[in-house]
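Reading the structure
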Amino acid sequence: MNAIPMEFWLSLEVLVVCFGIWRVSRFVKAYKMTDRGLPIEDRIEEMVVNQVENKVLSTFVTRDLLMIYYLFSKSKKRNVEKKDAYSLHKKVGYGGMVVAFIFVLLLEGVGVSYFLHSWSKVAAWIHLVLSIYMIVFLIGDFKAIIRNPVFLSQETIHFRFGLRMKVEILLSNIGGIQSGKINYENDKKRKDVWVATLLEFEGPDIEIAFKEPIKIKDGIGREHVTRKMYLSLDEKDEFMRNVNTLVLKNEVV
């Protein structure tokens, strides 16, 4: 069997590079056409949605672009009052856990790749690349969590859970908010319940029930019909008190 000529591989590489440049130029053009008044995260998402028709692929591309954005961008102050923002990472010491996860991934990535190298160089490189990707994802996700606390406006709760999901909850659609310890054990396995906690073993502090079900998109683009949401916040008592006040205010209006 004749070997494939070097000219073929060079031509293929040129085509791949040209296609990549063309796609990047399309993304840049689409980004410039987005609303400049939107946050950068929303502009990136709108750009990808306009360029990628497949919902699942669009979700992955958006997540990876946001991961790169958070990894290299500096923290920016948002135009929001401090009393309207509620963090979710301090109480559980998530920052220290992320550092520990990264350290384990570094050791595991280098060690396993070294042993795989004697069996298959390709497998070793694939494992190393996946380990690096996981480290980059953890850093980007943690920066996204820090820079995007839960925002409470007069009509909406804006919730962006790192790189994993985001949702806007209308206060007019909240049927009740209470401690997350009351019904969680009975509700946690229900398909119409969404649990938003940083750590799987972390018990949620807050339960939010909706009058009408909402749709929440997960990390791989699937939509889940949700009637109740559980979450944990550092300032849980203040958050619940302010939400109840705004809900009552909107009902009066």
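Thresholds, definitions, all that
Residues numbered from 1 in each chain as written. Predicted model: local features only at pLDDT ≥ 70, side-chain atom pairs only at ≥ 80, totals over all residues. Heavy atoms only, no water. Phe/Tyr/Trp six-rings, centres within 6.5 Å; stacked < 30°, edge-to-face > 60°. Helix = DSSP H or I, 4+ residues; strand = E, 2+ residues; numbered from the N terminus. Buried < 20%, exposed > 50% of the residue type's maximum accessible area, 1.4 Å probe, protein only. Contact = heavy atoms within 4.5 Å. Polar contact = N/O pair within 3.5 Å; in protein donor to acceptor, adjacent residues only side chain to side chain.

**Structural notes on the packing of aromatic side chains**
Under the definition given, this model contains five aromatic pairs. Ring geometry for Y86 against F239: centres 5.1 Å apart, planes inclined by 75 degrees, an arrangement best described as edge-to-face. Within this pair, whereas Y86 is found in strand β1 (residues 85–86), its partner F239 is found in helix α7 (residues 236–252), the two being separated by 153 residues in sequence. Residue classification places F239 among the buried positions, given a relative accessible area of 0%. Measuring from ring centre to ring centre gives 6.0 Å for Y94 and F142, while their planes differ by 50 degrees; the resulting arrangement is tilted. Taken together, the residues span a long stretch of sequence, with Y94 in helix α4 (residues 94–117) and F142 in helix α5 (residues 121–147) at a distance of 48 residues. Using a relative accessible area of 4% as the deciding quantity, one classes Y94 as buried.

**Topic: the environment of T226**
Tracing the backbone through its elements, the reader meets T226 in strand β8 (residues 223–231). Exposure remark for T226: the relative accessible area of 1% places this residue in the buried category. As for T226 and I157, which are separated by 69 residues in sequence, their C-alpha atoms are 15 Å apart. Ignoring any residue separated from it by four or fewer positions in sequence, one finds T226 in contact with D192, V193, W194, F210, P213, I214 and I216. Of note is the side chain of T226, whose polar atom sits 3.3 Å from the backbone oxygen of H224.

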